[in-house]
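Structural description and commentary
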Amino acid sequence: MQTQPASRDDITAIIGSVEDDVAIEILAVGASPDELTEARAWVANDEAMLNAGRPLPTGRTAEIADILRRLEIEALPDEG
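This section reports on the structure supplied with the text. All residue numbers refer to positions counted from 1 along the written sequence of the respective chain. Only residues with pLDDT of 70 or above have their local features reported here, since the model is predicted, and side-chain atom pairs are shown and tallied only from 80 upward, although totals for entire chains, interfaces and linings are computed over all residues. Hydrogen atoms and water are omitted, and side-chain values are computed over all heavy atoms in the structure.

**Examining the packing of helix H2 (residues 20-29) against helix H5 (residues 59-75)**
Lines fitted to C-alpha atoms define the axes here, with helix axes fitted over just the stretch in contact, and angles between the N-to-C directions of these axes take values from 0 to 180 degrees. Helix numbering and strand numbering both begin at the N terminus, where a helix is a DSSP run of H or I of at least 4 residues and a strand a DSSP run of E of at least 2. As a packed pair, H2 and H5 sit with axes 9 Å apart at the nearest point and diverge in direction by 165 degrees. In terms of orientation, H2 lies roughly antiparallel with respect to H5. Here the hand of the crossing between H2 and H5 comes out right-handed. Every residue of H5 that contacts H2 at Val22, Glu25, Ile26 and Val29 is listed here: Arg60, Glu63, Ile64, Ile67, Arg70 and Leu71. Any residue that is not Ala, Val, Leu, Ile, Met, Phe, Trp, Tyr, Cys, Pro, Asp, Glu, Lys or Arg is counted as polar, Gly included; the first ten are nonpolar and the last four charged. Here the contact of H2 with H5 is composed, by residue class, of 6 nonpolar, no polar and 4 charged. Here the word oblique covers every angle except those under 35 degrees (roughly parallel), over 145 (roughly antiparallel) and from 65 to 115 (roughly perpendicular). For a crossing to be left-handed, the near helix must be turned anticlockwise from the far one by less than a right angle; the clockwise case is right-handed. Note on contacts: a residue pair is in contact if any heavy atoms of the two residues lie within 4.5 Å.

**What about the pattern of salt bridges?**
By definition, a salt bridge exists where a carboxyl oxygen of Asp or Glu is found within 4 Å of a side-chain nitrogen of Lys or Arg. Under the defined criterion, the tally for this structure stands at 5 salt bridges. A salt bridge links glutamate 35 to arginine 60; its shortest N-O distance comes to 3.0 Å. Of this pair, glutamate 35 sits in helix H3 (residues 33-44) while arginine 60 is found in helix H5, placing the two residues 25 residues apart along the sequence. Exposed residues in this analysis have more than 50% of their type's maximum accessible area, buried residues have under 20%, and partly exposed residues fall in between, with area computed by a 1.4 Å probe over protein chains only. On the accessibility criterion, arginine 60 (38% relative accessible area) is partly exposed. For arginine 54, the salt bridge identified is with glutamate 38, shortest N-O distance 3.3 Å. Here the residue arginine 54 occupies a position in the loop between helix H4 (46-51) and H5, and glutamate 38 occupies one in helix H3, the gap between them amounting to 16 residues. By relative accessible area, arginine 54 is classed as partly exposed at 38%.

Okay, here's the thing in structure tokens:
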């Protein structure tokens, strides 16, 4: 597993375009590109990860997954 923290370019390459405040929040976690990739996979399809026998994310991977889940919820249209 890579140990260098991800860069802004890594975030864009792995997660896609995000607002600067979100990128700063992600960078502050200090996650590696591998941890970003795993977090993205969990958020994209947690059922497949569980079925593959992967343990639930912990540490920085879990922190990034929480940020990404929050972004998904914020992106949903308001029901009103």
